[in-house]
Amino acid sequence: SSGINAEWSLRPGALGENSLAIREDRAVAIQSLSGTGSLFLGFQFIAQFYNGPKDILVSNPSWGNHKLMIDRIPGLNFKQYTYYDAKTLQVDIDGMLADLEKAADGSVILLHACAHNPTGIDPTQDQWVKIFEIVKRKSFLPFFDMAYQGYVTGSFDDDAWAVRYFVENGLEVFVSQSFSKNMGLYCERVGNLTFVSGSAEVAHKCLSQLKIIVRSVYSNPPAHGARVASMVMTNRELRPEWETNVRDMHGRIRRARSALHTALKTCNVPGSWEHILSQNGMFSYTGLTSRQCELLIEQHHIYLLKTGRISMCGLTEANAKYVANAIKDVIEATKGE
């Protein structure tokens, strides 16, 4: 700890101001080196102390760093479950549930709490309930990765709906939080790992082991960014101002999506582009092929991953038409390939 217990003040961001788990002292937290650091701590803890299968079930696709970390921690097994339907550009909920049914009871399931990276496609609340039911029945340990809280709906609370539903309905969970994006603290590496247990005694025993892992890796986290995050989250004047800032950022991304969608339609770009509007957060899975992405980079200097993932934050109303025309050009250039 940085000595200020910043991690404790950040728990309500994940679990809610009136969380029963916090009131009953069943939710412990430890400051981490942003979201990546909190995931690393959780994975290390699971590798050393979790009694269930060491299978980590991860969505296909997922953030590349998930596999990178899991593969490098002895004892953990990286497994994938169906998530994205490339034809419909939506969550393949039937495929996902079928894969989870086949997974070993007691496995660890990594879930993107909101603004799924890289697809930008999130389950609906009804789909989250179905996911919860199978997670509970098969005694999975849910591990939520929540790096973009506030960027889906503009509401910090609404974006944590899935996490809070799982906790309020009695499941033990890990929650990884990052404040890099929603507080603009990327270089300060401010993160938080919350663990919710069924009892305060177990929760605090787990916390003591997490502290030992921290001690062996980097000893202490930096204090400055954590103090900023803690002050913003707990100050009655700063908290509402920050929430307004998050809504403004959410609104700007939505406007960028709308501008690109309008430009694609206006330029008569082949295909349906409704997914640009329905996807959430900072990224969009465009549906473009690897070759089309290469051409965008090489010929138009539009930079994106070859999976088709593009950052919506780089789009503005001023450059949307240029991007749309470039997409049209590469689609026509690869026709028949």
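Located above this text is the structure these notes cover.
Overview of the structure. (Residues numbered from 1 in each chain as written. Predicted model: local features only at pLDDT ≥ 70, side-chain atom pairs only at ≥ 80, totals over all residues. Heavy atoms only, no water.)

## Quick look at the sheet that holds strand β8 (residues 173–178)
In step 1: Read from one edge to the other, the open sheet built from 7 strands follows the order β1-β9-β8-β7-β6-β2-β3, with strand pairing classed as mixed. Strand pairing shows two members of the sheet lacking a second neighbour, β1 (27–33) and β3 (77–82), which therefore form its edges. Ignoring strand direction, the axes of neighbouring strands in this sheet form an average angle of 25°.
In step 2: Pairing of β1 with strand β9 (residues 190–196), which is carried by 7 bridges, proceeds in the antiparallel orientation. (Pairing = 2+ DSSP bridges. Helix = DSSP H or I, 4+ residues; strand = E, 2+ residues; numbered from the N terminus. Axes fitted to C-alpha atoms, helices over the stretch in contact; angles between N-to-C directions.)

## Here we look at helix α6 (residues 125–137)
In step 1: Here α6 contains 13 residues, and its C-alpha end-to-end distance of 18 Å stays within 8% of the 18 Å for a straight helix at 1.5 Å per residue.
In step 2: Buried within α6 are the following residues: Q127, W128, I131, F132, I134 and V135.
In step 3: Check the buried side of α6 and you find it contacts β5 (90–91), α5 (93–102), β6 (108–112), β7 (141–146) and α7 (161–168).
In step 4: Once α6 ends, the next one or two residues include S139, with phi positive near 55°. (Expected span 1.5 Å × (residues − 1). Buried < 20%, exposed > 50% of the residue type's maximum accessible area, 1.4 Å probe, protein only. Contact = heavy atoms within 4.5 Å.)

## Concerning the environment of H275
In step 1: Looking at the secondary structure, you find H275 in helix α11 (residues 275–278).
In step 2: Under the relative-accessibility criterion, H275 is labelled buried at 6%.
In step 3: As a C-alpha pair, H275 and T286 span 11 residues in sequence and 7.9 Å in three-dimensional space.
In step 4: Residues in contact with H275, not counting those within four places in the same chain, are L89, Y285 and T286.
In step 5: One polar contact links the side chain of H275 to the main-chain carbonyl oxygen of T286, over a distance of 2.9 Å. (Polar contact = N/O pair within 3.5 Å; in protein donor to acceptor, adjacent residues only side chain to side chain.)

## So, the packing of helix α3 (residues 34–49) against helix α8 (residues 200–217)
In step 1: Interhelical geometry of α3 versus α8 gives an angle of 115° and a closest axis separation of 10 Å. When the axes of α3 and α8 are compared, the pair comes out roughly perpendicular. The two elements α3 and α8 meet at a crossing, and its hand is right-handed. Where α3 approaches α8, its residues F40, L41, Q44, F45, Q48 and F49 are matched on the opposing element by C206, Q209, L210, I213, V214 and V217.
In step 2: Across the contact of α3 with α8, the residue classes tally to 9 nonpolar, 3 polar and no charged. (Parallel < 35°, antiparallel > 145°, perpendicular 65-115°, else oblique. Left-handed = near helix turned anticlockwise from the far one by under 90°. Nonpolar A, V, L, I, M, F, W, Y, C, P; charged D, E, K, R; others polar.)

## Notes on the pairing of strand β2 (residues 55–60)
In step 1: By the criterion of burial, β2 is predominantly enclosed, with 5 of the 6 residues buried.
In step 2: Chirality of the crossover, the property in question, places the unit of β2, helix α4 (residues 64–71) and β3 among those that are right-handed.
In step 3: Judged from the 2 bridges that link them, β2 and β6 form a sheet pairing that is parallel. Residue pairing for β6: I56 is matched across the bridge by V108. (Right-handed = clockwise from strand over helix to strand, strands pointing away.)

## Re the environment of P270
In step 1: Within the secondary structure, P270 is located in the loop between α10 (238–266) and α11.
In step 2: Here the alpha-carbon distance between P270 and I331, two residues 61 residues apart in the chain, equals 7.6 Å.
In step 3: Non-local contacts of P270, meaning those with residues more than four positions away in its chain, are made with K328 and I331.

Read these as geometric descriptors, not functional statements.
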